[in-house]
Amino acid sequence: MAKHVKKAVLQTATETAYGEVATVITTIIGAVSAKGQRKKILENAEVQKILARYDLHIDE
């Protein structure tokens, strides 16, 4: 049985979750200090899909 959730509450929760995930992704990639490793991560197709999904732009 689904609960009825107001649109504003749902939107706020969604934005919060997206923000948290975006922070985690940028923190993880930022923690990779070796340029070659970072470049390899950022070139990965799955990583590129996730970055695009969350509209994240990370410099190599």
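Right above here is the structure, for reference.
Residues numbered from 1 in each chain as written. Predicted model: local features only at pLDDT ≥ 70, side-chain atom pairs only at ≥ 80, totals over all residues. Heavy atoms only, no water.

S.K.: Would you mind going over the overall build of the chain with me for this structure?
M.R.: A count of helices and strands for the chain gives three helices and zero strands. Reading the secondary structure of the chain in the N-to-C direction produces α-α-α. When the backbone C-alpha atoms are referred to their principal axes, the chain occupies close to 50 × 20 × 20 Å. Counting only residues that meet the buried cut, the chain has 15% of its 60 residues in that class. Of the contacts made within the chain by residues no fewer than 6 positions apart, 40% connect residues no fewer than 24 positions apart. (Helix = DSSP H or I, 4+ residues; strand = E, 2+ residues; numbered from the N terminus. Buried < 20%, exposed > 50% of the residue type's maximum accessible area, 1.4 Å probe, protein only. Contact = heavy atoms within 4.5 Å.)

S.K.: Just to check I follow, could you spell out the packing of helix α1 (residues 7–31) against helix α3 (residues 45–53) for this structure?
M.R.: Axis angle and axis distance: for two packed helices, these are the angle between their axes and the distance between the axes, and together they describe the pair. At a minimum axis distance of 11 Å, the contact between α1 and α3 shows a crossing angle of 140°. Judged by the inter-axis angle, α1 sits oblique to α3. When you trace α1 past α3, the crossing you get is left-handed. For the pair α1 and α3, contact is made by Y18, I25 and I29 and by V47, I50, L51 and R53, respectively. Here the contact of α1 with α3 is composed, by residue class, of six nonpolar, no polar and one charged. (Axes fitted to C-alpha atoms, helices over the stretch in contact; angles between N-to-C directions. Parallel < 35°, antiparallel > 145°, perpendicular 65-115°, else oblique. Left-handed = near helix turned anticlockwise from the far one by under 90°. Nonpolar A, V, L, I, M, F, W, Y, C, P; charged D, E, K, R; others polar.)

S.K.: When you look at α1 in this model, what are you seeing that I'm missing?
M.R.: Given 3.6 residues per helical turn, the α-helix brings residues three or four places apart onto the same face. Counted at 1.5 Å a residue, the expected span for α1 with its 25 residues is 36 Å, and the 36 Å between its end C-alpha atoms agrees. Three or more residues of α1 are buried, namely A22, I25 and I29. (Expected span 1.5 Å × (residues − 1).)

S.K.: For this particular structure, what's the right way to read the packing of helix α2 (residues 35–43) against α3?
M.R.: At a closest axis distance of 5 Å, the pairing of α2 and α3 adopts a crossing angle of 75°. Between α2 and α3, the crossing angle belongs to the class labelled roughly perpendicular. Between α2 and α3, the contacting residues are I41, L42 and E43 on the first element and A45, V47, Q48 and L51 on the second. Grouping the constituent residues of the contact of α2 with α3 by class yields five nonpolar, one polar and one charged.

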